[in-house]
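Now for the letters of each chain:
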4 protein chains.
Amino acid sequence: MYVEPLVEQMVDWRRHLHMHPELSFHEHETARFVAGVLGTLPGVEVSHPTPTSVLGVLRGGAGDGPCVALRADIDALPISEENDFAFRSQHEGVMHACGHEGHTAMLLGAATTLAPLAPELRGEIRFVFQHAEELLPGGALDVIASGAFDGVDFVTGCHLLSMLPFGVVAVPAGPCMAAADMFTLTIRGQGGHGAMPQGSVDPVAVGAQVVTNLQHVVSRRTSPIDSVVVSVTQFHGGTADNIIPDTVSLGGTVRTFDDASRARTKAAMEQIIAGVVAAHGASYELDYVDGYDPVVNDPGVAELVAGCVREVDGVELVDVEPITGGDDMTYFLQQAPGAYFFVGTRSEEAGSTFPHHHPRFTIDERSLPHGAETLVRATLAALA
Amino acid sequence: MYVEPLVEQMVDWRRHLHMHPELSFHEHETARFVAGVLGTLPGVEVSHPTPTSVLGVLRGGAGDGPCVALRADIDALPISEENDFAFRSQHEGVMHACGHEGHTAMLLGAATTLAPLAPELRGEIRFVFQHAEELLPGGALDVIASGAFDGVDFVTGCHLLSMLPFGVVAVPAGPCMAAADMFTLTIRGQGGHGAMPQGSVDPVAVGAQVVTNLQHVVSRRTSPIDSVVVSVTQFHGGTADNIIPDTVSLGGTVRTFDDASRARTKAAMEQIIAGVVAAHGASYELDYVDGYDPVVNDPGVAELVAGCVREVDGVELVDVEPITGGDDMTYFLQQAPGAYFFVGTRSEEAGSTFPHHHPRFTIDERSLPHGAETLVRATLAALA
Amino acid sequence: MYVEPLVEQMVDWRRHLHMHPELSFHEHETARFVAGVLGTLPGVEVSHPTPTSVLGVLRGGAGDGPCVALRADIDALPISEENDFAFRSQHEGVMHACGHEGHTAMLLGAATTLAPLAPELRGEIRFVFQHAEELLPGGALDVIASGAFDGVDFVTGCHLLSMLPFGVVAVPAGPCMAAADMFTLTIRGQGGHGAMPQGSVDPVAVGAQVVTNLQHVVSRRTSPIDSVVVSVTQFHGGTADNIIPDTVSLGGTVRTFDDASRARTKAAMEQIIAGVVAAHGASYELDYVDGYDPVVNDPGVAELVAGCVREVDGVELVDVEPITGGDDMTYFLQQAPGAYFFVGTRSEEAGSTFPHHHPRFTIDERSLPHGAETLVRATLAALA
Amino acid sequence: MYVEPLVEQMVDWRRHLHMHPELSFHEHETARFVAGVLGTLPGVEVSHPTPTSVLGVLRGGAGDGPCVALRADIDALPISEENDFAFRSQHEGVMHACGHEGHTAMLLGAATTLAPLAPELRGEIRFVFQHAEELLPGGALDVIASGAFDGVDFVTGCHLLSMLPFGVVAVPAGPCMAAADMFTLTIRGQGGHGAMPQGSVDPVAVGAQVVTNLQHVVSRRTSPIDSVVVSVTQFHGGTADNIIPDTVSLGGTVRTFDDASRARTKAAMEQIIAGVVAAHGASYELDYVDGYDPVVNDPGVAELVAGCVREVDGVELVDVEPITGGDDMTYFLQQAPGAYFFVGTRSEEAGSTFPHHHPRFTIDERSLPHGAETLVRATLAALA
């Protein structure tokens, strides 16, 4: 394996980053750390397309050729870690619970591996460390707007997945991740004394009915063959046990895989919210934010990357169903043909058995070489 | 009217207090202010039975006689005021939204009126400015524990009510306010990615079902003739739109008027919570805190106070149904025969049309003399 | 006791009637039976004001005097009896589950007792055996329309109650039973294949949400001090497991004790139904039928009847809270001053522990003399 | 087209059958009619493997060869037709609302076409007109148990679908229809008077909560990528507006496409039912009936049939997503390699725009030749 000499180094990077997670758009220390590592690599020009993203450019010494971009996301989540590693998060309430610190470590590993090979390569390689994948509108569009992605001919990158077992990699052709919309719903009732509900319009009770009725969007109004998610993940209201509040605020996410389904889901949600709220004499404001578009891989690139995976020792290439998570990798894939691939990390030994965004999420660090090696081989194949 | 000369002064006191509200157990400035006013009155000994309560003792000069206690509560609520008076709350997020600043002003008015009359009176008068009525376990028990209430023979006090019109006063005989219990319910699911509900136990959806099912306690399991309230006033869970949280926290209040009903309600709540939570594979912790006992007036004292009300100019004595609010006045009434009375304050002119604990609650200041005059007359009658 | 000689006879009558229950407006055999017994009494003129009601008129021989009406209701319910008495219902699906057969037996007992006393009485006694108390619009208005109640000066009657213990009788002054409204709600969705909910609007799911949301009328929108019932007692929809039906039909009852509350409850119900149905793209028709007005006793008559109760051996006069059941006795009480009284029948020995309208409802037959004796004494007192 | 001469005849058959629908296991007239037509065909031996199914056997005259079975289902549904055709259902409450009368007409058309060709064919053809597809346990297993399917080497048949447009046919390879389970749920509360909910356990309110909570099976506990349906299609309880019933009865259908999902869904349902019912002090009995297994086509046979479709004039071969309907065709496909295919019938002109099992369902009769021609050609290809 090309990345053999970096196996331990990638683990160290990953653990350092895991200890120092930063929220989306606030990845200052992370960006500094990444830039520091890249700065040590021969031939890599380092810059910051935006305050908290990092770009490394490596030009081949063997003449003109295509421009290959490799992308990792670097931000963390507002979750309080419940793992008790020595290297657990040092920032209370912030955690790398999605594997981005692994993505960063893998891309640093790939860059370190590719840098010395540049003199013999044609074309150009861009190492894109993108901020703010976890928070709309995401960092990818900023990076693209900065011009850092101009002229890219081929793009790849990967996501560690705890729902895939350690030892497998998947490179779907076509749609592979969902449209990831978000919403905030404010329900406005009429506050009052907790002991006199009759004088009020109780927004907690109304909000509960809204959540309950919204289940029908998926269970009754969506074809069972279609794949739609409506999750109300936030519910906040009330300041004291004896005060019925004026308002409650709900939030959540909606996932769909095509435009018709997205429009239908949005319309059904609004119809249900409007009806239930009116039923109880309350009112509402719905702020529905279109999230990332679905991630769609180029079939040709997917085949090229899959071919590289087959050559990686200890890795099995597998098929995977579309993932309801969203990712702003989609915008890079709209700029240039490319493929996003998924690296399995689940294992009992490593305790990598929790879902993403769980306070005990972690990865099996032995999967880092799987992703890094595939990035290196895909780059070499694309430049060949 | 005895309190005629103090009409404007009480308005000033009330407005000052309204501008400077303090949360339960934190009434430091309020207590200082009250002590300051009492300190200027001839013959009144001022002390602090607890750090944020105030006691004024006035001894009659005409020999031994009964000990009369007059009580006001002085704390405010965690509510952001939405009134736009010049004298609106200066403390963001804290508000006198229950009228306690009016209670305090009335009792200061009564004390100021009674102080110069003391030389001709027999017995003793205690002015009790009690902290923390709004927050369990309440301040009344602390005041009693301090000994400040020892030897009291007769107790009265009043509550301004925006559900009664300005111009009326009610002095119920028997039960007049509810047992006011509180609860905190933590529902523990299993967090995960908002896009993959199948890997999680969604505590927001379960919490919503709990709220919805809890409506049955009152609507299906309580006799329509009985008076029970179960209000879920707080619902908090979730930190990000794409994360299903591990837990949500609910809170609220339960009101009942007798022990059997209280026990039945508690049991029904726990049965419903346990069942719904189990239905969805979640778990829970219920922290149910018994609140103040029901407030029960002594019929004899109620009649004496009602007699005084009939003599107050411009006031009509009315009947009133039991109030589902609770009040730790109950503990003073368990120490000595007494009566709690209710002073109407609702009026369009004064904008006093909102329920208690509403961000736009206010009182009609013309009701202050009604309460103060009744306190003075009841005291004189009791000492006669 | 006047009715002492009839104790066993009343039990026989009650058992006969219990074995042969008839639904409202179909009390043909029951009316024939009652008329048969009355026909044997000296001086009683028997007629049928309507096809299934019976009137017995007994004129006093001692000159003019007031006209006293005694009323019993005679119809049964569409319930399948689950008792296993020898005298259980012979009519499958029909049952005296509310005690009307006892009312009938008691009034027959009173008539049999009073008939021989007529020569010495002044005035007139009417024995009114009314049909169809259980089904709107009730039989009372028919009886009144027939002229059978013209000229009545005083009316009484009683209801056996399994929530009162055997041995007590209550004669409330003022409001004592509720307005008893009924409703039928048709929810119209769009039928389809059970396996393809997305092509349909599922009226079963919508109907379930309507029932659930309607709980808020009582739990959130009614003062805890007020007494309101909203019961959805019928839900019918669907013909096959794999067909989503087009419509479901719900029905139920609403109980209130005054006009404002009745109007508020009706409005809240319709708002909730309209909102929830709209939320899910369905439509509805609500047929709300105003039921019997609240039953209100004349305080003077109540006192007179209470006085009679005090003289009945083995009976304790008790207070009772208003009863949420309705009764078209109200219309007789609107014609003449009167009082409806309640006879306790609950006892373990007799198995009289089930609520009214329950398939195992029964009475303690030892309570029959309590009601009959009170009817006799109240009549004698009124005519005195 | 082979079936060209029979186009009008098939329409006549279809309309006759549409006018005379019969419920599952009661298809006596239908079976007689089918046997009558088959009896007129040269060389076809007619028998009744079960009282209401029909088998026609046609032996080739050119020697031994494979045995091909063609299958149609012949039963109707308990639905009241809302179409106003001249040929609308003559049997109130029974309707061909799934297209089985079209299946029957097509198979009669294929038989009539194939009979004269038999002398030149090798092998054997069986025309299987199966009863009771719509009602568990279905008729297919009976037919197989009768021996009528012994020795079959190849099986095909088709279903008209209003969700596919007229002019297309689909022949999926692999899983194409769902496991179709059914359930009956009895919820046992405690009946009582509608005005006194506190004395009862209201099974209507509990049943409504069960329906509402069951939505979570699909919306929260199933992967969005998986395809699961849980439809409560029946809800029956209550006999009078003022009686809370003892029990309600619910029923519905569950659709899944694999064993793990089926087991998970069943377990989640039972957990939810048990929890919600316990929450309210009720009890339940769940009768869950495993329905037809998923329908899985043999890929080789599917390809052969698809090849035949391509040769039918005016028909386009399309792909189709798995259908959540179930079909006991699955049991024939477990006996011999085969393929079930789907014939599009949706068109505005013909009013074929309603979903299956809808009271206004109908087919575009121009699709009958598409199915019949494919049956004929597939038979000839299989025997070639």
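Residues numbered from 1 in each chain as written. Chains lettered and ligands numbered in written order. Predicted model: local features only at pLDDT ≥ 70, side-chain atom pairs only at ≥ 80, totals over all residues.

J.: Explanation requested: the sheet that holds strand E12 (residues 247–256) of chain A in the structure shown.
T.: The strands that make up a sheet are held in pairs by hydrogen bonds between backbone atoms, and each pair lies either parallel or antiparallel. Reading across from one edge, E13(A)-E8(A)-E12(A)-E10(A)-E10(B)-E12(B)-E8(B)-E13(B) is the order of the eight strands in this open sheet, with antiparallel pairing throughout. Single-partner strands in this sheet number two, and they are strand E13 (283–292) of chain A together with strand E13 (283–292) of chain B. Between one strand axis and the next, the sheet turns by 25° as a mean value, whatever way the strands run. Summarising the sheet, strand E10 (residues 229–237) of chain B and strand E12 (residues 247–256) of chain B pair through seven bridges and their orientation is antiparallel. Within E12(B), the residue paired with Val229(B) across the bridge is Arg255(B). The sheet strands contacting helix H6 (residues 259–279) of chain B are strand E8 (179–188), E10, E12 and E13 of chain B, and the helix crosses E13(B) at an angle near 165°. (Pairing = 2+ DSSP bridges. Helix = DSSP H or I, 4+ residues; strand = E, 2+ residues; numbered from the N terminus. Axes fitted to C-alpha atoms, helices over the stretch in contact; angles between N-to-C directions. Contact = placed C-beta atoms within 7 Å.)

J.: Please explain the relation of the copies chain A and chain C as it appears in this structure.
T.: Mapping between the two chain copies consists of a rotation about an axis together with a translation along that axis. With an RMSD of 0.1 Å, chain A superimposes on chain C once it is rotated by 179° and translated 0.0 Å along the axis. The superposition operator between the copies reduces to a two-fold rotation axis. Using C-alpha coordinates, one finds that chain A approaches the rotation axis most closely at Gly275(A), a distance of 2.2 Å. Looking at the interface residues of chain A, 100% of them are also at the interface in chain C, so both copies use one shared face. (Least-squares fit on C-alpha atoms with pLDDT ≥ 70 in both.)

J.: Where do I start with the environment of Met95(B) in this structure?
T.: Residue and element names in this part refer to chain B. You can see Met 95 is positioned in the loop between strand E3 (67–73) and helix H3 (100–114). Classification of Met 95 by C-beta neighbours within 10 Å gives buried; the count is 25. Taking the C-alpha atoms as reference points, Met 95 and Asp 84, 11 residues apart in sequence, are found 13 Å from one another. (Buried ≥ 20, exposed ≤ 12 C-beta atoms within 10 Å, placed from the backbone.)

J.: Would you mind showing me how to read the domain arrangement of chain A here?
T.: Where the parts come together, the accessible area they lose is often given as the size of the interface. Residue and element names in this part refer to chain A. Entries for chain A in the domain assignment read domain 1 (4–178 + 294–383) and domain 2 (183–291). Placing a centre on the C-alpha atoms of domain 1 and another on those of domain 2 gives a separation of 36 Å. When its residues are assigned to classes, the side of domain 1 that touches domain 2 shows five nonpolar, two polar and no charged. (Domains from an automatic or database assignment. Nonpolar A, V, L, I, M, F, W, Y, C, P; charged D, E, K, R; others polar.)

J.: Any chance you could explain the interface of chain B and chain A here in plain terms?
T.: With 51 residues of chain B at the interface, the matching set in chain A holds 51 residues. For the side of chain B that touches chain A, the elements supplying multiple residues, two or more each, are E8, strand E9 (192–193), helix H5 (203–219), E10, strand E11 (243–244) and E12 of chain B. Looking at the side of chain B that touches chain A residue by residue, the classes come out as 23 nonpolar, 25 polar and three charged. As paired elements, strand E10 (residues 229–237) of chain A and E10(B) share three bridges and run antiparallel to each other. Pairing of His236(A) across the sheet is with His236(B), part of E10(B).

J.: Would you mind showing me how to read the relation of the copies chain B and chain A here?
T.: Rotating chain B by 180° and translating it 0.0 Å along the rotation axis places it on chain A, where the RMSD comes to 0.0 Å. With an isologous cut-off of 70% or more, the 100% of interface residues of chain B that recur at the interface of chain A puts this contact in the isologous class.

J.: It is not clear to me how unusual backbone geometry should be interpreted in this structure. Could you clarify?
T.: Working note: non-glycine residues mostly have negative phi, and peptide bonds are mostly trans. Residues and elements named next belong to chain A. Of note, the amide linkage connecting Leu 136 to Pro 137 takes the cis form, showing an omega dihedral of 0°. On the secondary structure map, Pro 137 appears in the loop between strand E4 (124–130) and helix H4 (140–145). In this structure, Phe 25 takes a positive phi of about 70° despite not being glycine. In this fold, Phe 25 is placed in the loop between helix H1 (7–19) and helix H2 (28–39). Within the chain, Ala 132 stands out as a residue other than glycine whose phi angle is a positive 55°. By the secondary structure assignment, Ala 132 is in the loop between E4 and H4. For Ala 132, a count of 25 C-beta atoms within 10 Å translates into the label buried.

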